[in-house]
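Geometric and topological summary
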Amino acid sequence: MTLGSATGSLPLGGAGDSAAGSPSAGQSPAERRRYRRMMLALLAAGIATFAELYAVQGVLPELARSLSVTPADAALTVSAATTGLAVGVLGWASIADRIGRLRSMRIAVLAAVILGGVACLVPDLGTLVALRFLSGAVLGAVPVLAVAYVHENLTARRAAAAAAVYISGTTIGGAAGRLLAGPLGEPLGWRGALLVVGAVSLAAALVFILLAPTSPAVPPVTRPLTAEPVAAEAAAASTPSTVTGRLTQRQRIHRALRAPLLRLDLQALLLTGCFVAVYNFLAFRLEAAPFHLDPGWVSLLFLAYGAGTITSRLAGRWLPRVGAERVILVGLAALLAGLGIMAIDSVPVIVAGLILFTGGQFLAHAAAVAATGHRATHDHRAQASALYNIAFYLGSGVGGWALGLVFQQLGWAAMSITIGIVLVALAIFTATALRRRASA
């Protein structure tokens, strides 16, 4: 999971695009080339980051058998990386203010690939978990700075499209890492499988480094992506205290913790833990009775990530029309429906439920990320993005592991009920916020 954005009401290409509706409308040839370079670079950044981060999820059963550890202990290799990312994001936001966002992202993707390669060679779980934590902390630069980076380079209309391409890259990368590692885990072992994914991540990282354009000295003027009220944001931006140079890091973080940004952070914390837990432990369920599926076949379940690529684009089309809260509610409904379907002991039915569950997650996530990037003003956008990512990846790390203890002790049904309670609570919380915004 990933950071990304919605596409606004704009398609990202195709025969059906009109000249007026295209993000590149009105651009010079040089500007269009720069825009295309940014699109390819962001796609590569998403692939490099999330292939490296989540590939281990595709070999968790093999890793558990190889190191003779429990499923929950094996899942620590995922949780350590995402928790490290949560810890690292605020530091990267501060570093980026000094050396630049693009330079920070370039350093991060290369360092993460190196650490990922070293992690494949260690002999024990403790060292592996420590290196995964460091790798996640380094990778924190990419998702936390991506939204701020596109807003520095593009107007709101084009930034939304660019950020949507990035989130598509994260879904492709997350799926590709798992799909490569899973089938290779048996013939090559989990170490060999992760080394292959590392090579793919390195190639994508180099594409990002070579293609990503530098930011202009003055960020472009943006306009609202939605018809939601923006008076509070405009008033805050007009006060002298919001001039970036006059704000300390603490002041920026304080602004980023205001509602509604804090509500979006809470959603990320809870929702991501539930989502990662399902993907962490579904393989253990399907390799056991009554299914006894081969690990190679189980890894194909990660093709369900394609639903996330589709729904993150749908979020962009719906967001300007209905607002972020309504899109999030649709995503939560899909998550609940998918979770219920997966309770049935039939592989085709479980696959269908997983596709719906995955689509709902990325629909809600893309809407929340777009809202975070837009509702934060320029003086604290990087900090708002950082806090969202802290919540997102802390939820992935802690929730993905803690729900594994429920699975390990009580089984899949108990874990599903726990997740269902969380999803219902989030739906109530979001519906309440929607009513408040409507009355305001």
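Here the structure is a predicted model, which means the values were calculated and not measured. Each chain has its residues counted from 1, following the order in which its sequence is written. Reporting in this predicted model follows two pLDDT cut-offs: at least 70 for local features of residues, and 80 or more for side-chain atom pairs to be given and counted; totals over whole chains, interfaces and linings ignore these cut-offs and use all residues. Only hydrogens and water are set aside when side-chain values are computed; all heavy atoms of the structure are taken into account.

Attention shifts here to the overall build of the chain. Secondary structure summary: the chain contains 16 helices and zero strands in total. Residue pairs at least 24 apart in sequence account for 84% of intrachain contacts in the chain once pairs closer than 6 positions are excluded. Values of accessible area rely on a 1.4 Å probe in the Shrake-Rupley scheme; residue burial ignores everything except the protein chains shown. Total accessible area on the chain stands at roughly 16,500 Å², and carbon and sulfur atoms take up 69% of it. Only DSSP runs of H or I reaching four residues or more are called helices, and only runs of E reaching two or more are called strands; each is numbered from the N terminus. By the convention used here, residues are in contact when the closest approach between their heavy atoms is within 4.5 Å.

Let us look at unusual backbone geometry. Put simply, alanine 289 and proline 290 share a cis peptide bond, and its omega is 5 degrees. Inspection of the secondary structure puts proline 290 in the loop between helix H10 (261-287) and helix H11 (295-299). Positive phi, close to 55 degrees, is recorded for serine 68, a residue that is not glycine. Within the fold, serine 68 resides in the loop between helix H2 (60-67) and helix H3 (71-99). Classification of serine 68 as exposed rests on a relative accessible area of 67%. Here histidine 292, not a glycine, exhibits a phi torsion of approximately 55 degrees, which is positive. Its location among the elements puts histidine 292 in the loop between H10 and H11. Taking relative accessible area as the criterion, histidine 292 reaches 56% and is therefore assigned exposed. A simple rule labels every residue: compare its accessible area, found with a 1.4 Å probe on the protein chains alone, to the largest value its type can have, and call it buried under 20%, exposed over 50%, or partly exposed in between.

Turning our attention to the packing of aromatic side chains. Put simply, two rings from Phe, Tyr or Trp (the six-membered ring, in Trp's case) pair if the centres are within 6.5 Å, and we call them stacked under 30 degrees between planes, edge-to-face over 60, tilted for the rest. By the definition in use, this model includes 14 aromatic pairs. Pairing phenylalanine 275 with phenylalanine 357 gives two aromatic rings, centres 5.9 Å apart and planes at 10 degrees, and the pair type is stacked. Here phenylalanine 357 lies in helix H14 (residues 347-375) and phenylalanine 275 lies in helix H10, a separation of 82 residues in the sequence. Just as phenylalanine 275 is buried, phenylalanine 357 falls in that class too.

Any two side chains of opposite charge can pair, given that their charged atoms come close. Criterion for a salt bridge: a side-chain nitrogen of Lys or Arg within 4 Å of a carboxyl oxygen of Asp or Glu. Taken as a whole and assessed by the stated rule, the structure comprises four salt bridges. Two residues, glutamate 62 and arginine 65, come together in a salt bridge whose shortest N-O distance is 3.5 Å. With glutamate 62 and arginine 65 both in helix H2, this residue pair falls three residues apart, about one helical turn. A residue is classified by how much of its surface remains accessible, and arginine 65, at 47% relative accessible area, is partly exposed. Between arginine 65 and glutamate 287 there is a salt bridge; the shortest N-O distance is 3.2 Å. Of this pair, arginine 65 sits in helix H2 while glutamate 287 sits in helix H10, and the two are 222 residues apart along the sequence. Overlapping salt bridges, with partners in common, bring together Glu62, Arg65 and Glu287 in one network.

Turning our eyes to something else, we now look at the packing of H2 against H3. Two quantities define a packed helix pair, namely the angle between the helix axes and the distance between the axes. Their axes nearest at 8 Å, the elements H2 and H3 cross at an angle of 120 degrees. In terms of orientation, H2 and H3 fall into the oblique class. Viewed along their axes, H2 and H3 form a crossing whose handedness is right-handed. Each of Leu60, Leu63 and Ala64 in H2 lies in contact with H3, whose residues at this interface are Ala74, Ala75, Thr77 and Val78. Gly is put with the polar residues, along with every residue not named as nonpolar or charged; the nonpolar set is Ala, Val, Leu, Ile, Met, Phe, Trp, Tyr, Cys and Pro, and the charged set is Asp, Glu, Lys and Arg. Its residues assigned to classes, the contact of H2 with H3 shows six nonpolar, one polar and no charged. Interaxial angle, 0 to 180 degrees, is taken between N-to-C directions of lines fitted to C-alpha atoms, where a helix line uses only the stretch in contact. Angles are sorted into four bins: roughly parallel if under 35 degrees, roughly antiparallel if over 145, roughly perpendicular if 65 to 115, and oblique for all others. Here a crossing is called left-handed whenever its near helix is offset anticlockwise from the far helix by less than a right angle, and right-handed whenever the offset is clockwise.

Turning our attention to the confidence of the model for the chain. What pLDDT reports is the predictor's confidence in each residue, on a scale of 0 through 100. Confidence in the prediction of the chain, expressed as mean pLDDT, is 82, and 84% of residues score 70 or more. Element-level mean pLDDT values for the chain span from 34 in helix H8 (residues 231-238) up to 96 in helix H13 (residues 324-341). In this model residues 1-21 is a low-confidence stretch, pLDDT under 50, and it forms 83 contacts with partners more than four residues away in sequence or in other chains. Across residues 217-245, where pLDDT falls below 50, the model places 46 contacts with residues more than four positions away in sequence or in other chains.

Glancing now at H10. Taking 1.5 Å per residue, 27 residues should reach 39 Å; H10 reaches 40 Å between its end C-alpha atoms and fits that length. The largest bend along H10 reaches roughly 35 degrees and is located at phenylalanine 281. Along H10, 22 of the 27 residues are buried, which leaves the element largely enclosed by surrounding structure. Residue count minus one, scaled by 1.5 Å, sets the expected span of a helix. The quantity called bend is, for any residue, the angle between two axes fitted respectively to the seven residues ending at it and the seven beginning at it.

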